[in-house]
Structure formats: C-alpha cells, structure tokens
Amino acid sequence: MAAGNHSTVTEFIFAGLTDKPELQLPLFLFFLGTYMFTVVGNLVIITLIALSSHLHTPMYYFLSSLSFIDLCYSTVIIPKTLVSFVTEKNIISYLECMTHLYFFLFFIISECHMLAVMAYDCYVAICKPLLYNITMSYPVCSWLVVEVYMMGLIGATAHTGCMLRVVFCKDKIINHYFCDLLPLLELSCSSTYVSEPVLLCLIAFNIVAPTLVILGSYASIIASILQIRSTEGRSKAFSTCSSHILAVTIFYGSLTFMYLQPSNVSSMDQGNVSFVFYIIIVPMMNPLIYSLRNKDVKVALNKIIEKRLFCISEDL
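Residues numbered from 1 in each chain as written. Predicted model: local features only at pLDDT ≥ 70, side-chain atom pairs only at ≥ 80, totals over all residues. Heavy atoms only, no water.

Let's talk about the overall build of the chain
- When helices and strands are counted, the chain shows 10 helices and three strands.
- Within the span of the chain, comprising 316 residues, buried residues form 47% of the whole.
- Within the chain, contacts between residues at least 6 apart in sequence are counted, and of these 79% link residues at least 24 apart.
- Counting only carbon and sulfur atoms, one obtains 68% of the accessible surface of the chain, whose full area is about 15900 Å². (Helix = DSSP H or I, 4+ residues; strand = E, 2+ residues; numbered from the N terminus. Buried < 20%, exposed > 50% of the residue type's maximum accessible area, 1.4 Å probe, protein only. Contact = heavy atoms within 4.5 Å. Areas by Shrake-Rupley, 256 points an atom, 1.4 Å probe, with all protein chains shown as cover.)

Okay, structure coming up:
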C-alpha cells in the first residue's frame, strides 16, 4: 500500500471505562480527585525545587523534570476521560486523536528514559561519590534531560508516523478511553503485518533499553552497598535510591503488563485496569513517594510554609 493516510474514518468514539450508568459518577469523582491531587502535588514539587537553593542538585533537577512530565501526560489524558463520564458519546476527530496519541507517547516515552537517567544519577552518587560533581555537572545534566526529550520526540514521531499509515474504514468505536496504539490497531481494516511488529519493536525498545540501564545501575549500586561495613552507611545508601526504586517498580510494572504481554492473553479489559494504574495512580503517587520519603523535600516545604506564615503575621 502506498504511504500516506487513506482512512475514510473522520472521527472515533471512545467506549470508555464502563457502560454501567451507576459507576459514571463515582468514576468521574475519582478521576477528578486524583487529577487535582496530581496537578497540585507535581506543581508543589516543581515549585519547591525552583525556590529552595539547597535542592539545586542533579537529583532534584531530574525530579522536577519527572514531575513536569507526569503533570503533562496526565493533562493530555484525564480531561478528555472526564468528558466521557458526563456525555452520552465521547467523540474525537481523527486529527485530534492522532495529536492526542502523539503527545501521550512523547511524555510516556520521556518518562521511561527519565527514570533511567535518575537511576544513573543514583549509581554515580553511590558508586563514584568523589567524581559525582564532575560526572553530573550542570552541562551534563542539561544534555541528559535534552536527550530524554529527544527520545520522546523520536519515539512519538515514529509511532504516530506508523499509525498514520494505517487505514481505518470500519468500526470507529475505540475500546478504550483515550487514543493509544493497540486499541487503534484493532480498528484497522488494512494489513498490520508490517506496522504492528514495528510498533511493538519500538515499544519494546523504549521499555527494555531504559530497564537495562536501571537494572545495570542498581546491580552496581547493590554491589557497592554490600561492600559498606557500617549499618548506618548501608542505610544511608539505600535511602538515597529507595524512592526511585519504588517509583520505577510501580511505573514499569504496569507499563510492562500492558504492552509486553502475549496477544493471546491480552484483553482490553485487563489493559484498562493497567492503564488506570499508570495514567492515574503513578503521576499521583510520585509526589507522595518523593516527598514523604525524602527529608530534604520535607525540610524545604516546612521552610517555605514557615516563611509564608511569618510574612502573614508581620502583615497583621
């Protein structure tokens, strides 16, 4: 088939999470509440890091980028999902769907690689502490962040480019609540013999490559920690990367379950549950993971609150 888009479908309809009317309001309130918490939590993290000079380190520089990514990909998905709970038909145009897909992929791929960069930062901090300031200098950190977004840009462009070649000319109901690769491929009336393997290879690369970086980093970290004789030293080393380990486990666990399970056991009903987890829960959990388990962030928050209260008391 010639390159280019030959789709006769001009719009899609989201099937949504459920067709049970009694669940629409509870789900709407749940999604709205978690989205508000996600927005506030990630904005607080970004603001704290920007305003607190003692948080101007590579680890928190990467954390602020992670919070920005979480905030953005939640905003790409959740508002449109909220509409599905209050409208009879949640319709999206073909062009809007492809745009929706592009930005979702850009931010989700960027998050995969940002978590890998954060793992490398932990590795340098624990395994090469004397070289940390040189290895993780500001120019290096800036380039790492740029490379993360470049990977997101390349991945999103490649995925969306493949999807634009797919012909949609039959059922236009997407068995999902946003535009994503696998649900869209199910609607194809053209051969996906080439497109599907290419898309799955790209998905695998953007999950497997960062995972290998993370596993390699933590293998070296564990080896270094086991060489530390004092219990206090080991505990301090583990606390440096414990928050990141928890965030990686939650994110990659749900992502792998969704995209890398065999097609004969895959179902969109299972997928929807997994998607809710990593689209809704993960961006909400990250601010909690990196604040409640992090003394520096809690200290910075307390200082800003105390400063604000002092200013208010002076005005009174």
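Observations regarding the pairing of strand β1 (residues 11-14)
- Summarising the sheet, β1 and strand β2 (residues 90-93) pair through four bridges and their orientation is antiparallel. Across the sheet, residue F12 finds its bridge partner in β2, namely I92.
- Summarising the sheet, β1 and strand β3 (residues 173-174) pair through two bridges and their orientation is parallel. Its bridge partner lying in β3, F14 is registered against I174. (Pairing = 2+ DSSP bridges.)

Concerning the state of the cysteines
- Taken as a whole and assessed by the stated rule, the structure comprises one disulfide.
- Across the disulfide from C97 sits C179; the S-S distance is 2.0 Å. Its S-S torsion of about -125° marks the bond between C97 and C179 as left-handed, since a negative value means left-handed. Remark: C179 occurs in the loop between β3 and α6 (181-185) and C97 occurs in helix α3 (residues 94-127); sequence separation between them is 82 residues. An identical accessibility class is assigned to C97 and C179; each is buried. (Disulfide = S-S within 2.5 Å.)

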